[in-house]
Amino acid sequence: MVARRPNRPASPLFRVRPSVSDELAPRTSIKYSCPQGHDFSVPFLDDPEVAIPAVWRCCQHGRESERSDGAEAPKPKPPRTHWDMLLERRSIPELQALLEERLTLLHKMKGVRQIKR
Ligand SMILES: [Zn+2]
């Protein structure tokens with residue numbers, strides 16, 4: 001560490017000016033109870049979209065600590081399958097028509113191959 005002379009002004013390159021963008025987003029503090037017998041709190045963004053974990057690792061003991069307020073972790077959504085995504089875009093009758101069209105095309109192609117042999 002380099003000691004600065006007390007009467008020397010700070011370099012303009014390193015002068016920090018506060019700006020509007022330096023303001024912190026609103027936060028909420030969540031308390032966790034360590035199994036070793038102490039509590040600690042962790043700041044989170046105060047936003048209902050943010051999922052706050054039910055368990056947080058204690059930085060002193062490395063133990064998983066549960067929330068003091070007893071709130072449970074949000075249940076994860078079941079993963080969307082390819083079938084789910086397909087049903088969002090097309091109806092069953094549309095899919096049946098598409099299947100018939102593709103099967104007809106495949107049967108025609110198979111017939112062409114058999115003729116060539
Ligand atoms: Zn601890």
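Just so we're clear, the structure is a prediction, and the values are computed from it rather than from any experiment. (Residues numbered from 1 in each chain as written. Predicted model: local features only at pLDDT ≥ 70, side-chain atom pairs only at ≥ 80, totals over all residues.)

> Can you lay out the overall build of the protein for me, pointing to particular residues and giving the numbers?
If you tally the helices and strands in the protein, you get 2 helices and 4 strands. Ordered by position from the N terminus, the helices and strands of the protein form the series β-β-β-β-α-α. Within the protein, the fraction of its 117 residues that count as buried is 3%. Contacts spanning at least 24 positions in sequence make up 34% of the contacts within the protein whose residues lie at least 6 apart. (Helix = DSSP H or I, 4+ residues; strand = E, 2+ residues; numbered from the N terminus. Buried ≥ 20, exposed ≤ 12 C-beta atoms within 10 Å, placed from the backbone. Contact = placed C-beta atoms within 7 Å.)

> Can you break down the pairing of strand E2 (residues 39-45) residue by residue, with the values?
Regular strands show a simple pattern: their side chains alternate between the two faces of the sheet. Counted residue by residue, E2 has 0 buried out of 7 residues, so it is predominantly exposed. One ladder, built from 7 bridges, connects strand E1 (residues 27-33) with E2; its direction is antiparallel. When the bridges of E2 are listed, Ser33 appears paired with Asp39. Counting the residues in the hairpin turn of E1 and E2 gives 5 residues, including Gly37, whose phi is positive at 100 degrees. (Pairing = 2+ DSSP bridges.)

> Quick rundown of the environment of His61? Include the residues and the values.
Within the fold, His61 resides in the loop between strand E3 (55-57) and strand E4 (64-67). Once the C-alpha coordinates of His61 and Pro35 are considered, the two residues, 26 residues apart in sequence, prove to be 9.1 Å apart. Leaving out residues up to four positions away in the same chain, His61 has contacts with Cys34 and Gln36.

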